[in-house]
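# Reading the structure
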Amino acid sequence: MAYEIETSEWYPSHKPLEYPKELVAWIDSINKGWENQIKYEPFEIYKKQSNAWIKDTDEIVDYSDEDEQEDYIIREYFRCRDNTLYYANKYGWLKEGDVDGGGISYKAWKAQEVIYFLADCGYNMLLGKARQIGFTSTLGLLANKRINFNKSYYVKFVTHTKEKGEEIF
């Protein structure tokens, strides 16, 4: 069996508000433009974990035994709970067209990967959002995941009108 990356390999172990200098330098490098982004090993491990899990192409229907199906469900539960990038890239769909239309499979971009990583690390974020970067959809998937995988989790989605909310989701 291949080596499996554990969440503890990328998840922060520092005390609250005692951010590692490497994390701060990484965020600062991104703020200066993607071309200036330096490597931050925990982020790289986070992405590797997601990519390794995505390569597992089995589905619950591949198992006929109830115990194997249960093992699959438990495995997917913990993977989705721990790594939003995995959850979004494997199970995320974006609305395409009008409210009654179909959808397309979600694939996180570089900025969205960073957002998911920071959220999964438990960091609070204050973000300046450019238009047309899929931010609303990205946070919608994050909110959906947290509602489904955390006990007593609450999300409020606010739009200007009911129609706008329906149009977005």
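Residues numbered from 1 in each chain as written. Predicted model: local features only at pLDDT ≥ 70, side-chain atom pairs only at ≥ 80, totals over all residues. Heavy atoms only, no water.

A tally of helices and strands in the chain yields 7 helices and 2 strands. Helices and strands appear in the chain in the N-to-C order α-α-α-α-β-β-α-α-α. Counting across all 169 residues of the chain, residues that qualify as buried make up 33%. Put simply, 56% of the contacts in the chain that link residues at least 6 apart link residues at least 24 apart. Of the accessible surface of the chain, which amounts to about 11600 Å², a share of 53% is contributed by carbon and sulfur atoms. (Helix = DSSP H or I, 4+ residues; strand = E, 2+ residues; numbered from the N terminus. Buried < 20%, exposed > 50% of the residue type's maximum accessible area, 1.4 Å probe, protein only. Contact = heavy atoms within 4.5 Å. Areas by Shrake-Rupley, 256 points an atom, 1.4 Å probe, with all protein chains shown as cover.)

Moving on, we come to the pattern of salt bridges. Enumeration according to the criterion identifies 10 salt bridges in this entry. Between Glu41 and Lys39 there is a salt bridge; the shortest N-O distance is 3.8 Å. The exposure class of Lys39 is exposed, given its relative accessible area of 61%. With a shortest N-O distance of 3.0 Å, Arg75 and Asp58 are connected by a salt bridge. Here Arg75, found in helix α3 (residues 66-82), pairs with Asp58, found in the loop between α2 (41-54) and α3; they are 17 residues apart in sequence, far enough to count as distant. (Salt bridge = Lys/Arg side-chain N within 4 Å of Asp/Glu carboxyl O.)

With that out of the way, let us pick up a negative patch on the surface. Residues Asp65, Glu66, Asp67, Glu68, Glu70 and Asp71 make up a contiguous surface patch of negative charge. For Asp71, the position within the fold is in helix α3. (Patch = residues over 30% accessible without salt bridge, like charges linked within 9 Å, V, L, I, M, F, W, Y side chains within 5 Å. Lys, Arg positive; Asp, Glu negative; His and termini not counted. Charge placed at Lys NZ, Arg CZ, Asp CG, Glu CD.)

What follows deals with helix α6 (residues 135-149). In this model, α6 (15 residues) spans 21 Å end to end at C-alpha, consistent with the 21 Å of a helix rising 1.5 Å per residue. Of all the positions in α6, only Phe135, Thr138, Leu141, Leu142, Ala143, Lys145, Arg146 and Phe149 are classed as buried. Those residues of α6 hidden inside the fold are in contact with α3, α4 (84-91), β1 (93-95) and α5 (110-120). (Expected span 1.5 Å × (residues − 1).)

What follows deals with the packing of aromatic side chains. A full pass over the atoms with the stated rule returns 18 aromatic pairs. With centroids separated by 5.4 Å and ring planes inclined at 65°, the aromatic side chains of Phe43 and Phe117 adopt a geometry described as edge-to-face. Residue Phe43 is located in helix α2, and its partner Phe117 is located in helix α5; the two are separated by 74 residues in the primary sequence. Given the relative accessible area of 1%, Phe117 is considered buried. (Phe/Tyr/Trp six-rings, centres within 6.5 Å; stacked < 30°, edge-to-face > 60°.)

Here α3 crosses α4 at 115°, and the two axes come no closer than 5 Å. Judged by residue contacts, Tyr72, Glu76, Arg79, Cys80 and Asp82 of α3 engage Thr84, Tyr86, Tyr87, Lys90 and Tyr91 from α4. Along the lines of polarity and charge, the residues of the contact of α3 with α4 split into 5 nonpolar, 1 polar and 4 charged. (Axes fitted to C-alpha atoms, helices over the stretch in contact; angles between N-to-C directions. Nonpolar A, V, L, I, M, F, W, Y, C, P; charged D, E, K, R; others polar.)

Another point: the environment of Lys110. Assignment of secondary structure puts Lys110 in helix α5. Residue classification places Lys110 among the partly exposed positions, given a relative accessible area of 42%. Remark: the alpha-carbon pair of Lys110 and Trp34, spanning 76 residues in sequence, is separated by 8.9 Å.

Scored by pLDDT, the chain comes out at a mean of 90, with 95% of its residues at no less than 70. No element of the chain has a lower mean pLDDT than helix α7 (residues 162-168), at 79, and none a higher one than α2, at 98. (pLDDT = per-residue confidence, 0-100.)

Attention now moves to the state of the cysteines. Note on terminology: disulfide describes a covalent bond linking the sulfur atoms of two cysteines. Enumeration according to the criterion identifies 0 disulfides in this entry. Counting only cysteine sulfurs, Cys121 is the nearest neighbor of Cys80, a cysteine outside any disulfide, at a range of 17 Å. When its relative accessible area of 3% is taken as the criterion, Cys80 is described as buried. (Disulfide = S-S within 2.5 Å.)

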